[in-house]
Amino acid sequence: MDKDYLQDALHSFNLDTLNWYGWKKEDENGNKIPNDQRMTYANIKIIKDGATKPSEAEVNAKIQELKDLGLDDEEIKALMGA
């Protein structure tokens, strides 16, 4: 998963629910996930009622779409309304 685009892609889902996701701090065994390893698809957690987690394929498709547009990080943020 490309971390540079992951959050930008996630912002395009659940548009009616702001700040719908967060990042797990512990794995399923209760081990702390290092901060530099938390921002991955596997560690997404839903934090707002009514929001749904998009599939990894949907997120990857959105990341590819953003890359195909050839936008830099600032342009992507502007496009996503961030």
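Nothing here was measured: the structure is a model prediction, and the numbers come from that model. (Residues numbered from 1 in each chain as written. Predicted model: local features only at pLDDT ≥ 70, side-chain atom pairs only at ≥ 80, totals over all residues. Heavy atoms only, no water.)

Draft legend 1. The arrangement of the pattern of salt bridges in detail. Applying the stated criterion across every chain, the model contains 1 salt bridge. Here E65 and K62 are joined by a salt bridge, their closest N and O atoms 3.1 Å apart. You can see E65 and its partner K62 sitting in helix α3 (residues 56-68), 3 residues apart, about one turn around the helix. (Salt bridge = Lys/Arg side-chain N within 4 Å of Asp/Glu carboxyl O. Helix = DSSP H or I, 4+ residues; strand = E, 2+ residues; numbered from the N terminus.)

Draft legend 2. Expanded view of the side chain of S12. Summarising the element assignment, S12 is placed in the loop between α1 (3-10) and β1 (21-23). Judged by its relative accessible area of 18%, S12 falls in the buried class. Looking at S12, its side chain comes within polar contact range of the main-chain oxygen of A9, at 2.6 Å. (Buried < 20%, exposed > 50% of the residue type's maximum accessible area, 1.4 Å probe, protein only. Polar contact = N/O pair within 3.5 Å; in protein donor to acceptor, adjacent residues only side chain to side chain.)

Draft legend 3. Looking closely at the confidence of the model for the protein. On average, residues of the protein score 87 in pLDDT, and 89% of them reach the 70 mark or higher. Element-level pLDDT for the protein is lowest in helix α4 (residues 73-80), with a mean of 70, against a maximum mean of 96 in strand β2 (residues 44-46). (pLDDT = per-residue confidence, 0-100.)

Draft legend 4. How the structure looks around the nonpolar core. By size, the foremost hydrophobic cluster in this structure holds 14 residues, and its most contacted members are L10, W20, I44 and V59. Looking at this core element by element, the count peaks at 4 residues for α1. The contacts of L10, once residues within four sequence positions are left out, are W20, Y21, W23, I44, P54 and V59. (Core = buried A, V, L, I, M, F, W, Y, C linked by side-chain atoms within 4.5 Å. Contact = heavy atoms within 4.5 Å.)

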